[in-house]
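An overview of the molecular structure
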Amino acid sequence: MRYLPQTDDDRTAMLAAIGAAGIDDLYVDVPRSAWRDGLVDLPLHQGEMQVERALAAMAAKNLHGGNAPFFLGCGSYRHHIPASVDALIQRGEFLTSYTPYQPEVSQGTLQMLFEFQTMIAMLTGMEVANASMYDGASGTAEAVLMANRVTRRHRAVLSGGLHPHYRETVETYARYGEFEIVSRTPSPDGRDDLIEAIDGTTSCVVVQTPDLFGRPRDLTKIAEACHAAGALLVAVVTEVVSLGLLMPPGAMGADIVVCEGQSLGNPMGFGGPYVGLFATKSKYLRQMPGRLAGQTVDAEGRRGWVLTLSTREQHIRREKATSNICTNSGLCALAFTIHLALLGEEGFTTLARLNHEAAQRAAERLEQVKGVSVLNETYFNEFTLRLPRPAIGVVEDLAGRGILGGVPLARFHPDDPGLSDLMAVAVTEMTTAEEIAALADGLAEVLA
Amino acid sequence: MTTTSGNRGLVMDEPLLFEQDAPGRCGVDLETPEGRPLKLGGLERKGAIGLPGLAEPQVVRHFTRLSQKNYAIDAGFYPLGSCTMKHNPRLNEKAVRMPGFALAHPLQPESTVQGALELIATLAHWLTTLTGMPGVAMSPAAGAHGELAGLMTIRAALTARGDARKKVLVPESAHGTNPATATLCDYAVESIPANERGRIDIEALKEALDQDVAALMLTNPNTCGLFEDEIVEVARLVHDAGAFFYGDGANFNAIVGRVRPGDLGIDAMHINLHKTFSTPHGGGGPGSGPVVLAESLVPFAPLPYVVAGEGGFRMVEHDPSGRSFGRLRAFHGQMGMFVRALAYMMSHGADGLRQVAEDAVLNANYVLARLKGAYHPSFDGPCMHECLFDDRTLKDTGVSTLDLAKALIDEGFHPMTMYFPLVVHGAMLIEPTETESKATLDQFCDTMLALMEKAQAGNAEWFHESPHLAPWRRLDETAAARNPVLTWSPEQGKNAAA
């Protein structure tokens, strides 16, 4: 077996050194009733070529963003990843290292995390950021838990424009905790009645921008209403590239900002692993979940970094920790950081503008299809189409023509008739004029 | 020795990205925007972000230099107990980058992602077969997330039978995630002591088990590296009390292919794919923590899940029965980790995985046998995949477990897990995994023996100053916590640390 270096001679010599007659002697503590003498009923070992063939056969069954006109978004976006990102994250020193608990031999990961935290604070307009969460949805749930701790209140208000998976995740985290979730229903006409839902028991209001329908949201008034009532504003961004063009949530008064960071450096990968970005104000630092890299010096006075403030975390505080999170998304955070370093200020803001312009071109073209209208007056790189018949069927019909046309919003809310004819369409720098034409023509055909 | 450049041979003194900024410089070539009017409703960004501008070679060099400051399993022996630092095959990396996996979107119509759903279903089949459990929830993002999924499933099952229980029992040797997870599910945590043999104290367990106990969370093999030899009795007691038995599967590597947790009476157990099934740790994640479930818990599992039907595979995202406790994250799970783990499992097969467990246990017992004259094993008898020592033989040397660990760094080894589990004084938990050859283990053991000799000979000062040869000397963690500097700022000069 190619991954196992011990030879039978080694094994024999080692058993002799241990003083065991055979390997079974080392399993004597396992109850006899649970011993399995034979192999489990699974295939035997295979060579690299055979495994690669079997997996390639599965992969080949999928339509995807590389072989079809592609317009899906809703929290996962097709962006171009520079070749050097993937080359660098596959360096074994990054790929195969553990959490940097021994800082003297982990400065690579630690310095990167410090750079990552700084970039997240800059993008979101906040003061501090952690070293990442699992994804945007679980990060949003952690933000609500944090707001509950900060305010000592237990009632969170969720915008109807929040990604339904995020809303469901928050509701799950709340299910057995002592707190209440007030969820607004998604409203295609843009009504979201958040301010009137805020009262003296509200711990936070959670608003996504751009929202589920693709509309950028002005958070200023909601922030004012939150703060007047002693509540926090949690801003959620599922498309982090939008921050290259849109006002950062921090500048609009957000207290906690959670983003999904997949768009930079990380492939869509059928849903994971992704990277949750989490930023807040310095005054809430000690209530923030997750790992943190902090600057210090070594015994010779050289600048270096360590994991810090771990007295918030489960391995020290156990049942009193701010969160149960341990493993985060280190490698995805690295990919994010490398991609953003390559882009820099100029590249990132240009990339955002290219996305916005591509979306405008697509909206203008799709609007010309008979029976199709664009719901949004404003959007970043994703907008919602209203179709003359249920979008789930339209998307299936488009897929039958080899076109991945968009996300039918009814997939999230099968029972909400108000959403059934809506399809979210995402357009990025990757989207070509040919793809836009293919979607427009495909829509015209399947709607005819 | 100091150098003019600050570099030390191949170890480069690498400034932060922000300190290499030149405005206007860029590492990508993008098209020029048309300059269309914005359709953002007046919400455009007003000021600059502050991101640094670097060209591609600078970025490549920066991260290459950073990587060279990391220890890694690719570079050497990484015996971190409880973390299972095993070889990460590159085949797995190649597989996950196949466009059919990497470029598939999680919300595509099911008809277009049959291969992706087949992969999830296949991995689920391997996991349920290896554990002897009928169901598995695939979506949890990491071990602690899996614990949350498992405890919430248990809570949903209890709620469904109208049985509101208030407590979760956790051995004092458990990972910190266990009690933290129980708290997140709004359970009170009650700690169960270990007995003198390093196992759960059955008498204390009996005492604690009452009608208010929802579950026992038990790691097996446990964090002392021992198999819980009374586990069948433990399961019986837990079930007799009407509670569920949660297994923390962090240490599954010791028994994979040899023992099925389902045969031990476990009702739910998460599996860290980034431990037993070799998905890379990546400097702290991402992980993946599927939870295998007993029949009684399957109906309450989190959403979504894959089912096979006549028309192919389907992804169930809405629970018609209303019994699922809900969703734990966006989309379906850590697909990238699923592909890697399945590539690893298929490579090993049923025969290879059993050999993995046996070699891991053999290696740990070999280290135990070689070190036990100089180091004090915390408990008698053979260990499983990791061996545990306390700091008794360092007593009166002035050298601590931490000092010894830092001295190991100078010798080219990553330190073992220190000061965990908490039930052992100055704990040193060594997990070699099946990846290591006898030659590597011998070199490590020789080093450990020499270090103990050196400590006992009275070189406390030298140990306190370790590491001497690492890229960095010992870092001041106290200063970092006292005055947290968590982001770079333009005002902060290059050497204005802490």
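What you see is a predicted model; the values in this text were computed from it and never measured.

Considerations on the overall build of chain A
- Check the secondary structure of chain A and you find 12 helices and 13 strands.
- The C-alpha radius of gyration of chain A comes to 25 Å, within 12% of the 22 Å expected for a compact globule of 448 residues.
- Considering only C-alpha atoms, chain A reaches an extent of 80 × 55 × 50 Å along its principal axes.
- Within the span of chain A, comprising 448 residues, buried residues form 69% of the whole.
- A separation of at least 24 residues holds for 72% of the contacts in chain A among residues at least 6 apart in sequence.
- When the accessible surface of chain A is summed, it comes to about 13800 Å², and 50% of that surface belongs to carbon and sulfur atoms.
- Averaging the locations of the 37 positively and 53 negatively charged side chains of chain A gives two centres separated by 4 Å.

Considering the pattern of salt bridges
- One pass over the full model with this rule turns up 53 salt bridges over all chains.
- Across the salt bridge formed by Asp397(A) and Arg389(A), the nearest N and O atoms sit 2.7 Å from each other.
- Salt bridges linked by common partners bring Asp24(A), Arg258(B), Arg354(B) and Glu358(B) together as one network.

Notes on the domain arrangement of chain B
Residue and element names in this part refer to chain B.
- Taken as a whole, chain B is organised into domain 1 (91-345) and domain 2 (351-472).
- Taking the mean C-alpha position of each, domain 1 and domain 2 sit 30 Å from one another.
- Listed as interface residues are 26 residues of domain 1 and, on the opposing side, 19 residues of domain 2.
- Summing both sides of the interface, domain 1 and domain 2 together bury roughly 1800 Å²; the carbon and sulfur share of this comes to 65%.
- Three residues stand out in domain 1 for area buried against domain 2, namely Cys 224, Asn 253 and Arg 258, and they jointly supply 26% of the buried area on that side.
- Glu 358 is the partner of Arg 258 in a salt bridge, and the nearest nitrogen-oxygen pair spans 2.8 Å.
- Put simply, domain 1 and domain 2 have 6 residue pairs in polar contact (both at pLDDT 80 or more) between them.
- In the side of domain 1 that touches domain 2, the residues fall into 12 nonpolar, 10 polar and 4 charged.

Observations concerning the confidence of the model for chain B
- Across chain B, the average pLDDT comes to 95, with 99% of residues at 70 or higher.
- The low-confidence segment residues 494-498 of chain B, where pLDDT is below 50, has 12 contacts with residues more than four positions distant or belonging to other chains.

Regarding the packing of helix H5 (residues 143-160) of chain B against helix H6 (residues 177-184) of chain B
All names here are of chain B.
- Remark: H5 packs on H6, axes separated minimally by 9 Å, with the N-to-C direction vectors making an angle of 45 degrees. What the angle tells us is that H5 and H6 run oblique. The handedness of the crossing between H5 and H6 comes out as right-handed. On H6, the residues touching Ala 144, Glu 147, Leu 148 and Leu 151 of H5 are Thr 177, Asn 178, Thr 181, Ala 182 and Leu 184.
- In the contact of H5 with H6, the residues fall into 5 nonpolar, 3 polar and 1 charged.

A closer look at the environment of His315(A)
- For His315(A), the location among the structural elements is in helix H9 (residues 314-317).
- Judged by its relative accessible area of 32%, His315(A) falls in the partly exposed class.
- A C-alpha to C-alpha distance of 30 Å links His315(A) and Val237(A), two positions 78 residues apart in sequence.
- Among all residues touching His315(A), those that are not within four sequence positions of it are Tyr101(A), Ser310(A) and Gly176(B).

Side note on the side chain of Arg36(B)
- Mapping Arg36(B) onto the fold places it in the segment before helix H1 (56-67).
- Side chain to side chain, Arg36(B) and Glu34(B) meet in a polar contact 3.4 Å long.
- When sequence neighbours within four positions are dropped, the list of residues in contact with Arg36(B) reads Arg353(A), Glu357(A), Gln360(A), Arg361(A) and Glu364(A).

Let's talk about the packing of aromatic side chains
All names here are of chain B.
- Going through the model one piece at a time under the given rule, you end up with 15 aromatic pairs over all chains.
- Ring geometry for Tyr 71 against Tyr 78: centres 5.5 Å apart, planes inclined by 70 degrees, an arrangement best described as edge-to-face.
- Each ring, one from Phe 252 and one from Phe 277, has its centre 6.4 Å from the other, and the planes form 65 degrees; the classification is edge-to-face. With Phe 252 in the loop between strand E5 (244-248) and strand E6 (268-270) and Phe 277 in the loop between E6 and strand E7 (291-293), this pair connects stretches of sequence that are 25 residues apart. Comparing Phe 252 with Phe 277 shows no difference in burial state: the two are buried.

Brief notes about the environment of Gly253(A)
- Assignment of secondary structure puts Gly253(A) in the loop between strand E5 (232-237) and strand E6 (256-260).
- On the basis of relative accessible area, Gly253(A) is assigned to the buried category, the value being 19%.

Some remarks on helix H6 (residues 136-151) of chain A
All names here are of chain A.
- Between its first and last C-alpha atoms H6 spans 22 Å; for 16 residues at 1.5 Å apiece the expected length is 22 Å, and the two agree.
- Between the side-chain oxygen of the N-cap and the backbone nitrogen of Ala 137 there are 3.3 Å, and the N-cap of H6 in question is Asp 135.
- Where H6 ends, the next residue or the one after it, Arg 152, has phi of about 55 degrees, a positive value.

Quick word on the sheet that holds E5(B)
Residues and elements named next belong to chain B.
- Taken together, 7 strands build an open sheet; the order of strands is E1-E7-E6-E5-E4-E2-E3 and the sheet is mixed. With one partner strand each, in any of the chains shown, strand E1 (135-137) and strand E3 (188-192) form the two edges of the open sheet. Neighbour to neighbour, the strand axes of the sheet diverge by 25 degrees on average, direction disregarded.
- Bridge count between E1 and E7: 3 bridges; the pairing is antiparallel. When the sheet's bridge partners are listed, Val 136 is paired in E7 with Val 292.
- Together, strand E2 (167-171), strand E4 (213-219), E5, E6 and E7 form the strand contacts of H5, whose direction differs from that of E5 by roughly 175 degrees.

A look at the environment of Cys387(B)
All names here are of chain B.
- Topologically, Cys 387 is positioned in strand E11 (residues 387-390).
- For Cys 387, a relative accessible area of 0% corresponds to the buried category.
- Counting along the chain gives 21 residues from Cys 387 to Tyr 366, while the straight-line C-alpha distance between them is 9.4 Å.

What about the interface of chain A and chain B?
- Taken together, the 194 residues of chain A in the interface contact 207 residues of chain B.
- Approximately 17600 Å² of surface area, both sides summed, lies buried where chain A meets chain B, with 63% of it carried by carbon and sulfur atoms.
- Counting every contact that joins chain A to chain B gives 14 salt bridges.
- Taking the shortest distance from any N to any O, the salt bridge between Asp359(B) and Arg11(A) comes out at 2.7 Å.
- Taken together, chain A and chain B are joined by 106 residue pairs in polar contact (both at pLDDT 80 or more).
- Looking at side-chain class alone, the side of chain A that touches chain B contains 96 nonpolar, 57 polar and 41 charged residues.

Brief notes about the pairing of strand E3 (residues 180-183) of chain A
- Looking at chain direction, strand E2 (residues 155-158) of chain A and E3(A) are connected through 4 bridges and run parallel. Bridge pairing in E3(A) links Leu158(A) to Ser183(A).

Quick notes on the pairing of E6(A)
Residue and element names in this part refer to chain A.
- Counting buried residues in E6 gives 5 out of 5 residues, a clear majority hidden from the surface.
- With burial as the criterion, each face of E6 is covered, one bearing Ile 256, Val 258 and Glu 260 and the other bearing Val 257 and Cys 259.
- In the sheet, E5 pairs with E6 via 4 bridges, with the strands oriented parallel. From the neighbouring strand, Ala 235 faces E6, where its bridge partner is Val 257.

A few points about the sheet that holds strand E12 (residues 407-408) of chain A
Residue and element names in this part refer to chain A.
- Here 4 strands make up an open sheet; going across it, the order is E10-E11-E13-E12 and the pairing antiparallel. Of all strands in the sheet, those with a lone pairing partner are strand E10 (373-374) and E12, marking the two edges.
- Relative to strand E13 (residues 422-426), strand E11 (residues 382-386) runs antiparallel, the two sharing 5 bridges. By the bridge assignment for E13, Thr 384 is matched with Ala 424.

Observations regarding the domain arrangement of chain A
Residues and elements named next belong to chain A.
- In terms of domains, chain A is made up of domain 1 (83-339) and domain 2 (344-447).
- Computed over C-alpha atoms, the centres of domain 1 and domain 2 are 28 Å apart.
- At the interface, 23 residues of domain 1 touch 24 residues of domain 2.
- Of the roughly 1800 Å² buried where domain 1 meets domain 2, counting both sides, 70% is carbon and sulfur surface.
- At the boundary of domain 1 and domain 2, one finds 0 salt bridges.
- Inspection of the domain 1/domain 2 interface yields 4 residue pairs in polar contact (both at pLDDT 80 or more).
- Of the residues forming the side of domain 1 that touches domain 2, the biggest block, 4 residues, is contributed by helix H7 (residues 164-175).
- Broken down by class, the residue content of the side of domain 1 that touches domain 2 amounts to 14 nonpolar, 5 polar and 4 charged.

Calculation notes
- Residues numbered from 1 in each chain as written.
- Chains lettered and ligands numbered in written order.
- Predicted model: local features only at pLDDT ≥ 70, side-chain atom pairs only at ≥ 80, totals over all residues.
- Heavy atoms only, no water.
- Helix = DSSP H or I, 4+ residues; strand = E, 2+ residues; numbered from the N terminus.
- Rg over C-alpha atoms; globule rule 2.2 N^0.38 Å.
- Buried < 20%, exposed > 50% of the residue type's maximum accessible area, 1.4 Å probe, protein only.
- Contact = heavy atoms within 4.5 Å.
- Areas by Shrake-Rupley, 256 points an atom, 1.4 Å probe, with all protein chains shown as cover.
- Lys, Arg positive; Asp, Glu negative; His and termini not counted.
- Charge placed at Lys NZ, Arg CZ, Asp CG, Glu CD.
- Salt bridge = Lys/Arg side-chain N within 4 Å of Asp/Glu carboxyl O.
- Domains from an automatic or database assignment.
- Buried area = accessible area lost by both parts, 1.4 Å probe.
- Polar contact = N/O pair within 3.5 Å; in protein donor to acceptor, adjacent residues only side chain to side chain.
- Nonpolar A, V, L, I, M, F, W, Y, C, P; charged D, E, K, R; others polar.
- pLDDT = per-residue confidence, 0-100.
- Axes fitted to C-alpha atoms, helices over the stretch in contact; angles between N-to-C directions.
- Parallel < 35°, antiparallel > 145°, perpendicular 65-115°, else oblique.
- Left-handed = near helix turned anticlockwise from the far one by under 90°.
- Phe/Tyr/Trp six-rings, centres within 6.5 Å; stacked < 30°, edge-to-face > 60°.
- Expected span 1.5 Å × (residues − 1).
- Pairing = 2+ DSSP bridges.

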